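The lines below spell out each chain.
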Amino acid sequence: MELIKNILTEFSKVSLPGIEKVRLMNRIDQKFCLHISQLPPILEAIRDNYSTLEIEGETIFKYDNTYFDTADNHMFLCHQNGKQNRYKIRLRKYIQSGDNFLEVKFKSNKGRTIKERIARQNFEPYFSSEEFHFLEEFSPYSGRLIEPKIRSNFNRFTLVNRQFTERVTVDLLPGFKNQSQEITLNNLVIIEIKQSKSSNPALISKALQQKKIKPQGFSKYCIGRALLEDNIKKNNFKPLLLKIKKENYY
């Protein structure tokens, strides 16, 4: 982690108001999974093309999430079964700032990710009357029929290109916890490229291709549950679960 922090000091910096120019709440995204040892040379290769978010002298920030689902795991199974037009519902806490949000993510059958969110006062897994209405407006799920399933935490830094047309998030040390156990993937890095359209390949994607790192779908909610739970359907996630074990991401 210290090596990565040191490399990020060499990047130009962008403030939070600056990065808000590329919120990309409606976007095309692409994810890549790699071993943490592969990250430093990739960052060195793109250093002159991206700026990193800096807030009060910090560039790496901690996040905490609680994911919700129905009693019969409808959202999880939609993803596992490859269903298009699927949803995720979560609480997100930005640890450093203390900001909390209730978020709905929708993945359309055209490959676009659309995110809606509403600010809230705390991180408790209960919904206010305003949040019940929010969930009814932006999802097909009733807040009265979903329940917390898993916690996820990770460290993240955010890059933005000089033209402010793409945003890249880099997640480190992803961890997952339910009521009975927890796990941290100490060596896994998840890179997500976010663009309003995919006609112009992101500069970082070229650096990844040169290292023979291919796009890899990764849902923290689904992979976390698949790692922690034995009695849940996870056939479609087995190749990624095997990769996590084979490439020593633990």
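Summary of the structure given here.

**Some thoughts on the overall build of the chain**
Part 1 of the argument: Broken down by element type, the chain carries 8 helices and 11 strands.
Part 2 of the argument: A compact globule built from 250 residues would reach a C-alpha radius of gyration of about 18 Å, and the chain, at 18 Å, matches this within 12%.
Part 3 of the argument: Put simply, 68% of the contacts in the chain that link residues at least 6 apart link residues at least 24 apart.
Part 4 of the argument: Entry remark: accessible area of the chain is about 12700 Å², with carbon and sulfur atoms responsible for 46%.
Part 5 of the argument: Between the averaged position of the 42 positive side-chain charges in the chain and that of its 28 negative side-chain charges there is a distance of 7 Å.

**A word on helix 8 (residues 238-246)**
Part 1 of the argument: What helix 8 keeps buried is the set Leu240, Leu241, Lys243 and Ile244. For helix 8, the angular spread of buried residues about the axis comes to 160°, placing them on one side. Exposed residues lying more than 90 degrees from the buried face of helix 8 are Pro239, Leu242, Lys245 and Lys246.
Part 2 of the argument: Looking one or two residues past helix 8, Asn248 carries a phi angle of roughly 60°, positive in sign.

**A closer look at the pattern of salt bridges**
Two side chains bearing opposite charge may form a pair once their charged atoms approach each other closely.
Part 1 of the argument: Counted by the stated rule, this structure contains 13 salt bridges.
Part 2 of the argument: Glu2 is the salt-bridge partner of Lys5, the closest N and O atoms lying 3.9 Å from each other. Linking Lys5 with Glu2, this pair stays in helix 1 (residues 2-8), spanning 3 residues, or about one helical turn.
Part 3 of the argument: Look at Lys5 and you get partly exposed, because its relative accessible area is 33%.
Part 4 of the argument: For Glu2, a relative accessible area of 52% puts it in the exposed group.
Part 5 of the argument: Connected via shared salt-bridge partners are Arg90, Glu103, Lys115 and Arg117.

**Examining the nonpolar core**
Part 1 of the argument: Residues Leu39, Leu43, Phe157, Leu159, Ile191 and Ile204 are the most contacted members of the largest nonpolar core, which totals 25 residues.
Part 2 of the argument: Only helix 1, strand 2 (26-35), helix 3 (39-46), strand 8 (146-161), strand 9 (166-177), strand 11 (188-195) and helix 6 (203-210) provide two or more residues apiece to this core.
Part 3 of the argument: Sorting elements by how many residues they give to this core places helix 3 first, with 4 residues.
Part 4 of the argument: In this structure Leu39 touches Ile4, Leu34, Phe157, Val170, Leu172, Val189 and Ile191, once residues within four positions along its chain are discounted.
Part 5 of the argument: Within the second largest apolar cluster, 22 residues are counted, among which are Tyr67, Phe76, Ile223 and Leu228.

**Description of the packing of aromatic side chains**
Part 1 of the argument: Under the definition given, this model contains 11 aromatic pairs.
Part 2 of the argument: Both rings, one in Tyr87 and one in Tyr141, keep their centres 6.2 Å apart while their planes meet at 80°; by these two values the pair is edge-to-face. Placement of the pair is Tyr87 in strand 5 (residues 86-94) and Tyr141 in the loop between helix 5 (129-138) and strand 8, with a sequence separation of 54 residues.
Part 3 of the argument: Here Arg117 stacks its cationic end above the ring of Phe101, 3.8 Å away from the centre of that ring.
Part 4 of the argument: Against the face of Phe154 rests Lys220, its NZ or CZ located 4.5 Å from the ring centre.

**What about the side chain of Asp69?**
Part 1 of the argument: Inspection of the secondary structure puts Asp69 in strand 4 (residues 61-70).
Part 2 of the argument: Among buried charged residues, Asp69 stands out as having no salt bridge; its nearest opposite-charge side chain is Arg225, 4.1 Å away.
Part 3 of the argument: Here His74 takes part through its backbone nitrogen, which lies 3.2 Å from a polar atom of the side chain of Asp69.
Part 4 of the argument: Polar side-chain contacts of Asp69 include one of 2.9 Å to the backbone nitrogen of Met75.
Part 5 of the argument: Residues in contact with Asp69, not counting those within four places in the same chain, are His74, Met75, Phe76, Leu145, Ile146, Glu147, Lys149, Tyr221 and Arg225.

**As for unusual backbone geometry**
Part 1 of the argument: A positive phi angle is found at Asn73, which is not glycine, with a value near 60°.
Part 2 of the argument: Structurally, Asn73 is set in the loop between strand 4 and helix 4 (74-80).
Part 3 of the argument: Of the residues examined, Asn73 reaches a relative accessible area of 15% and is grouped as buried.
Part 4 of the argument: A positive phi is found at Asn248, a non-glycine position, where the angle reads about 60°.
Part 5 of the argument: For Asn248, the location among the structural elements is in the segment after helix 8.
Part 6 of the argument: Using a relative accessible area of 45% as the deciding quantity, one classes Asn248 as partly exposed.

Thresholds applied
Residues numbered from 1 in each chain as written. Predicted model: local features only at pLDDT ≥ 70, side-chain atom pairs only at ≥ 80, totals over all residues. Heavy atoms only, no water. Helix = DSSP H or I, 4+ residues; strand = E, 2+ residues; numbered from the N terminus. Rg over C-alpha atoms; globule rule 2.2 N^0.38 Å. Contact = heavy atoms within 4.5 Å. Areas by Shrake-Rupley, 256 points an atom, 1.4 Å probe, with all protein chains shown as cover. Lys, Arg positive; Asp, Glu negative; His and termini not counted. Charge placed at Lys NZ, Arg CZ, Asp CG, Glu CD. Buried < 20%, exposed > 50% of the residue type's maximum accessible area, 1.4 Å probe, protein only. Arc of directions from axis to C-beta. Salt bridge = Lys/Arg side-chain N within 4 Å of Asp/Glu carboxyl O. Core = buried A, V, L, I, M, F, W, Y, C linked by side-chain atoms within 4.5 Å. Phe/Tyr/Trp six-rings, centres within 6.5 Å; stacked < 30°, edge-to-face > 60°. Lys NZ or Arg CZ within 6 Å of the ring centre and 35° of its normal. Polar contact = N/O pair within 3.5 Å; in protein donor to acceptor, adjacent residues only side chain to side chain.

So yeah, pure geometry; function would need other evidence.
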